[in-house]
Amino acid sequence: QVQLVESGGGVVQAGGSLRLSCAASGSIFSINAMGWYRQAPGKQRELVAGISKGGSRNYVDSVKGRFTISRDNTKNTWYLQMNSLKPEDTAVYYCAADISSPRSDSTKYWGQGTQVTVSS
């Protein structure tokens, strides 16, 4: 079985920074694409940032220049550094990854979600 465990959410004032972490554990052959999603109240879940196995990154326009996604393959962990936070960044943030394991080909797994609240 594969599990994703997130950490790093919290409450911060506008202009502040937070770093989210997501650690994958279990029977893992390889972690392919990794990403961070968020869902604000009354809104659909959206992809905030993604990083491929090869290191290519993509971001939703609203966070470009402020958020940075990175990964540490030796630890099966990836991060979302969030700077210059705005109240509109308030949401539950979820990590996700496409993971291959002994039991299955590439399957998407999700973290439990962590609340990020940005006060004005």
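Thresholds applied
- Residues numbered from 1 in each chain as written.
- Predicted model: local features only at pLDDT ≥ 70, side-chain atom pairs only at ≥ 80, totals over all residues.
- Heavy atoms only, no water.
- Helix = DSSP H or I, 4+ residues; strand = E, 2+ residues; numbered from the N terminus.
- Buried < 20%, exposed > 50% of the residue type's maximum accessible area, 1.4 Å probe, protein only.
- Contact = heavy atoms within 4.5 Å.
- Pairing = 2+ DSSP bridges.
- Axes fitted to C-alpha atoms, helices over the stretch in contact; angles between N-to-C directions.

Asker: Sorry, what's going on with the environment of Ala 33 here?
Answerer: By the element assignment, Ala 33 lies in strand β4 (residues 30-39). On the basis of relative accessible area, Ala 33 is assigned to the partly exposed category, the value being 32%. Sequence-wise, Ala 33 and Ser 101 are 68 residues apart; in three dimensions their C-alpha atoms are separated by 14 Å. Ignoring anything within four residues of it in the chain, the contact list for Ala 33 reads Ile 51, Ser 52, Ala 96, Ala 97 and Asp 98.

Asker: Looking at this structure, I do not really get the sheet that holds strand β1 (residues 2-7). What am I missing?
Answerer: Two pairing modes exist for strands in a sheet, parallel and antiparallel, and in both the strands are linked by backbone hydrogen bonds. Read across the sheet, four strands follow the order β1-β3-β8-β7 without closing on themselves; strand pairing throughout is antiparallel. At either margin of the open sheet sits one strand with a lone partner, and together these are β1 and β7 (67-72). Strand after strand, the sheet turns through a mean of 15° between neighbouring axes, direction not considered. Bridge count between strand β3 (residues 18-26) and strand β8 (residues 77-82): six bridges; the pairing is antiparallel. Residue Ala 23 lies in a different strand from β8, and its bridge partner there is Thr 77.

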